[in-house]
Amino acid sequence: MKTAIVYVSAHHGNTKKLVDAISKRTDVVLINADETDRADLQQFDYIGFASGVAYGRYYPQLLSFMECSLPEHKNVFFMHTAGNPMENYNAAAKAIADARSCRCLGTYFCKGYDTCLPIMLIDGIAKGHPDTEEVQGAWDFFDNIMKAG
């Protein structure tokens, strides 16, 4: 099963830690949405979308990438990091996938060091995250999706 993870990890590399941990353990294609605004995703059986969160939603460049490149009827999953993570931060991304009749396989989310305004005034929150347990959780999430095939 050919798999890609499209990601944006803009501030502290929190989300990159998750996708790097996955790519070190399995054959997955990583696509940095900050470096391209579109790619041919038709060839992939599974497509992950991983992002940091700004103001309660995925980074705009990831959402734009999805709008331009996500084919219909794909198996997709979501991953995100945030200072105060909540599953529904993927709502805009999930809406794009739903509009293309994609099958959502789940969402993994965990804490990530956050220094966005106004949090930067107190030197940020969730320092030291994602930690090794959270990175392992991302791998376990991904591995379970692949095993469920």
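Our subject is the structure listed above.
Just so it is clear, the structure is predicted and the values come from calculations on it, not from any experiment.

## Comments concerning the packing of helix 2 (residues 60–69) against helix 3 (residues 91–99)
Thinking step 1. Look at helix 2 against helix 3: their axes get within 10 Å of each other, and the N-to-C directions meet at 0°. On the basis of the axis angle, helix 2 is roughly parallel to helix 3. Where helix 2 approaches helix 3, its residues L63, M66 and E67 are matched on the opposing element by A92, A93, I96 and A97.
Thinking step 2. Across the contact of helix 2 with helix 3, the residue classes break down as six nonpolar, no polar and one charged.

## Observations regarding the packing of helix 1 (residues 14–25) against helix 4 (residues 132–148)
Thinking step 1. In contact at an axis separation of 9 Å, helix 1 and helix 4 are set at 55° when each is read in the N-to-C sense. Between helix 1 and helix 4, the angle falls in the class oblique. The handedness of the crossing between helix 1 and helix 4 comes out as right-handed. Residue-level contacts link K17, L18, A21, I22 and R25 of helix 1 to E134, V135, Q136, A138, W139 and F142 of helix 4.
Thinking step 2. In terms of residue class, the contact of helix 1 with helix 4 is built from seven nonpolar, one polar and three charged.

## Here's the deal with helix 4
Thinking step 1. For helix 4, with 17 residues, the first-to-last C-alpha span of 24 Å sits near the 24 Å given by 1.5 Å per residue.
Thinking step 2. What helix 4 keeps buried is the set E134, V135, G137, A138, W139, F141, F142, D143, I145 and M146.
Thinking step 3. The N-cap of helix 4, judged by a side-chain oxygen 3.2 Å from the amide nitrogen of E133 a few residues on, is D131.

## Quick notes on helix 2
Thinking step 1. Among the residues making up helix 2, those that are buried are L62, L63, F65, M66 and S69. Projected down its long axis, helix 2 shows its buried positions confined to an angular sector of 155°, all on one face.
Thinking step 2. Considering only its buried residues, helix 2 is in contact with strand 1 (3–8), strand 2 (29–32), strand 3 (46–54), strand 4 (57–58), strand 5 (75–82) and helix 3.

## Quick look at the environment of A33
Thinking step 1. Relative to the helices and strands, A33 is located in the loop between strand 2 and strand 3.
Thinking step 2. As a C-alpha pair, A33 and A50 span 17 residues in sequence and 9.8 Å in three-dimensional space.
Thinking step 3. The residues touching A33, leaving out its near neighbours within four places in the chain, are V6, Y7, V8, Q61, L62 and F65.

## Here's the deal with the pattern of salt bridges
Thinking step 1. If you walk through the whole model with that rule in mind, you get four salt bridges.
Thinking step 2. Across the pair K16 and D20 runs a salt bridge whose closest N-O atoms are separated by 2.6 Å. Taken together, the residues span about one helical turn, with K16 and D20 both in helix 1 at a distance of four residues.
Thinking step 3. A residue is classified by how much of its surface remains accessible, and K16, at 28% relative accessible area, is partly exposed.

## Focus on the state of the cysteines
Thinking step 1. Within the structure shown, the criterion is met by zero disulfides.
Thinking step 2. C104 supplies the cysteine sulfur nearest to C102, a cysteine that is in no disulfide, at a spacing of 9.3 Å.

## Description of unusual backbone geometry
Thinking step 1. Here the phi dihedral of Y55 falls at roughly 55°; this positive angle occurs in a residue that is not glycine.
Thinking step 2. The class for Y55 is exposed, based on a relative accessible area of 67%.

## Observations concerning the packing of aromatic side chains
Thinking step 1. Evaluation of the coordinates by the stated rule reveals six aromatic pairs.
Thinking step 2. Their ring planes at 70° and their centres at 6.1 Å tell us that F77 and F141 sit as a pair that is edge-to-face. With a gap of 64 residues between them, F77 in strand 5 and F141 in helix 4 connect regions that are remote in the sequence.
Thinking step 3. A relative accessible area of 13% means that F141 is categorised as buried.
Thinking step 4. Summarising the aromatic geometry, the rings of W139 and F142 are spaced 5.9 Å apart at their centres and angled 40° between planes, so their arrangement reads as tilted. Linking W139 with F142, this pair stays in helix 4, spanning three residues, or about one helical turn.

The rules behind each value
Residue positions are given per chain, counting from 1 as you read along its sequence in written order. The predicted nature of this model means local features are confined to residues of pLDDT at least 70 and side-chain atom pairs, given and counted, to a pLDDT of 80 or more, with totals for whole chains, interfaces and linings taken over all residues. Side-chain numbers here rest on the full set of heavy atoms in the structure, without hydrogens or water. Fitting a line to C-alpha atoms yields each axis, with helices limited to the stretch in contact; the angle taken between N-to-C directions then spans 0 to 180 degrees. Secondary structure follows DSSP: runs of H or I at least 4 residues long count as helices, runs of E at least 2 residues long count as strands, and numbering of each begins at the N terminus. Any angle that is under 35 degrees is reported as roughly parallel, and any over 145 degrees as roughly antiparallel; angles of 65 to 115 degrees are reported as roughly perpendicular and all others as oblique. By definition, residues are in contact when any of their heavy atoms lie within 4.5 Å. Nonpolar residues are Ala, Val, Leu, Ile, Met, Phe, Trp, Tyr, Cys and Pro. Charged residues are Asp, Glu, Lys and Arg, and all others, Gly as well, are polar. Helix crossings get a hand from a simple test, with the near helix turned counterclockwise from the far one by less than a right angle marking a left-handed crossing and a clockwise turn marking a right-handed one. To estimate how far a helix should extend, the number of its residues minus one is multiplied by 1.5 Å. Relative accessible area decides the class of each residue, using a 1.4 Å probe on protein chains only: under 20% of the type maximum gives buried, over 50% gives exposed, and in between gives partly exposed. The term polar contact refers here to a pair of N or O atoms within 3.5 Å; inside protein, the definition further demands a hydrogen-donor-capable atom paired with an acceptor-capable atom, and it admits residues adjacent in sequence only when both atoms are side-chain atoms. Taken from the helix axis, the directions to the C-beta atoms give the arc we talk about. Note on definitions: salt bridges are taken to be side-chain nitrogens of Lys or Arg within 4 Å of carboxyl oxygens of Asp or Glu. The definition used for a disulfide is geometric: two cysteine sulfur atoms within 2.5 Å. For this analysis, a ring pair means two rings from Phe, Tyr or Trp (six-membered ring only for Trp) whose centres lie within 6.5 Å, classed as stacked if their planes differ by under 30 degrees, edge-to-face if by over 60, and tilted for the remaining angles.

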